[in-house]
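Single-letter residue listing:
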Amino acid sequence: MNLSSETIIVATAVFIFSCGAAGVVLRKNPIGLLMSVELMINAAIMVMVLGSRLHAQPTGQSVALLVLVLGAAEAVVGLALALAVFRRREHVDVDEAREIQG
Amino acid sequence: MLPLVPVVACCALAAVTALCVVALRRPVYVAVSLLGHSLSLAGLYLALGAQLSAAAQTLIYSGAIVVLFLIVVALLPSGGAERVGLGRVVAGVAVFLATAAGLAAAVAASGLPHAKKDTFSVEQVGAPLFDELLVPFELTAPLLLAAIVAAIALWRRQELTRPADVAGDEARP
């Protein structure tokens, strides 16, 4: 198998996305969980930037910018939720929050 | 062809720091790992000739999001050590293997072309945002506004549930 730079980057993106997916299952701390989601978003952005270079199309980088903004919005709302739910609790565990009240 | 040495160095650093984000227990260490991950990805984008993406990654991820995570780490209670049972570890490893196998099969089926020589200027990257990506680009403004309003609303509701604040509100005319 020819190990080119493109193959290495895609393999790394697959590894990072899988790490993020495993982290979402593994972590109990809401901050660790949100960071795992950020890992998955980063892996997706990485593939978009690589695709932009491979196919000589600037649209990939433009979409990557939009996804970056999406990741920022997700982090803001997720962290506000984590603060609202867990600030008054002794144990920070996502499994403990079973009820949501409007 | 892409430069091999910087690409391998940045990819190795990104993979190791991603593993640290999942494996380390203390939230501050995890945030620092995420910072290293983000910076190594910015280096990778520079190696790919995507300077605008590298700058955006550094400013938005390393600058804004990681700092936001650190502020929340400081505000949340420590919660003690995060105890992860064996069942959860097995589930995590299973998800890792399943995701990696699925994505690797998809990549192997599609095949990878070699990179062309072109790199893009900021003007070329920005042009699609005002052409075929105009609607998603405009939608990011209400998305960010909704995120800000949601964050403030969630925080204010929690602040108002404190006894001193509730008493203060009732005392007000």
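As a starting point, this report considers the structure included with it. (Residues numbered from 1 in each chain as written. Chains lettered and ligands numbered in written order. Predicted model: local features only at pLDDT ≥ 70, side-chain atom pairs only at ≥ 80, totals over all residues. Heavy atoms only, no water.)

1. Description of the packing of aromatic side chains
Following the criterion strictly, the structure yields two aromatic pairs over all chains and no others. Here Phe 15 of chain A and Phe 96 of chain B contribute two aromatic rings whose centre-to-centre distance is 5.8 Å and whose plane-to-plane angle is 85°, an arrangement assigned as edge-to-face. Residue Phe 15 of chain A is located in helix H1 (residues 5-26), and its partner Phe 96 of chain B is located in helix H4 (residues 86-110); the two belong to separate chains. Where Phe 130 of chain B meets Phe 137 of chain B, the ring centres are 5.3 Å apart and the plane angle is 70°; that geometry is what we call edge-to-face. Residue classification places Phe 130 of chain B among the exposed positions, given a relative accessible area of 58%. (Phe/Tyr/Trp six-rings, centres within 6.5 Å; stacked < 30°, edge-to-face > 60°. Helix = DSSP H or I, 4+ residues; strand = E, 2+ residues; numbered from the N terminus. Buried < 20%, exposed > 50% of the residue type's maximum accessible area, 1.4 Å probe, protein only.)

2. Thoughts on the interface of chain A and chain B
Counting residues at the interface gives 71 residues for chain A, matched by 84 residues for chain B. In this assembly, chain A packs against chain B so that about 7,200 Å² is buried in total across both faces, 74% of it on carbon and sulfur atoms. Of all residues in chain A, Arg 27, Met 35 and Arg 53 of chain A bury the most surface against chain B, accounting for 11% of the area lost on that side. Taken together, the links from chain A to chain B amount to zero salt bridges. The tally of links from chain A across to chain B stands at 10 residue pairs in polar contact (both at pLDDT 80 or more). (Contact = heavy atoms within 4.5 Å. Buried area = accessible area lost by both parts, 1.4 Å probe. Salt bridge = Lys/Arg side-chain N within 4 Å of Asp/Glu carboxyl O. Polar contact = N/O pair within 3.5 Å; in protein donor to acceptor, adjacent residues only side chain to side chain.)

3. Observations regarding helix H2 (residues 30-54) of chain A
Residues and elements named next belong to chain A. For H2, which comprises 25 residues, the first-to-last C-alpha distance of 36 Å matches the rise-based estimate of 36 Å (1.5 Å per residue) to within 8%. Along H2, 19 of the 25 residues are buried, which leaves the element largely enclosed by surrounding structure. Measuring from the side-chain oxygen of the N-cap residue of H2 to the backbone nitrogen of Ile 31 gives 3.0 Å; that N-cap residue is Asn 29. Ala 56 sits one or two residues past H2 and shows a positive phi near 55°. (Expected span 1.5 Å × (residues − 1).)

4. What to know about the nonpolar core
Formed by 60 residues in total, the largest nonpolar core has its most connected members in Ile 9, Met 35, Ile 45 and Met 46 of chain A together with Leu 44, Tyr 45 and Phe 69 of chain B. Among the elements of the structure, H1, H2 and helix H3 (59-86) of chain A together with helix H1 (4-23), helix H2 (27-47) and helix H3 (51-75) of chain B are those that each provide at least two residues to this core. Once you skip the residues sitting within four places of it in the chain, Ile 9 of chain A turns out to touch Met 46 and Leu 50 of chain A together with Leu 2, Val 7, Cys 11, Leu 44 and Leu 48 of chain B. (Core = buried A, V, L, I, M, F, W, Y, C linked by side-chain atoms within 4.5 Å.)

5. Let's talk about the state of the cysteines
The tally for this structure, following the rule as stated, stands at zero disulfides over all chains. Here Cys 19 of chain A is not cross-linked by a disulfide; its sulfur's nearest cysteine counterpart is in Cys 20 of chain B, at 9.7 Å. The buried category is assigned to Cys 19 of chain A, whose relative accessible area is 2%. (Disulfide = S-S within 2.5 Å.)

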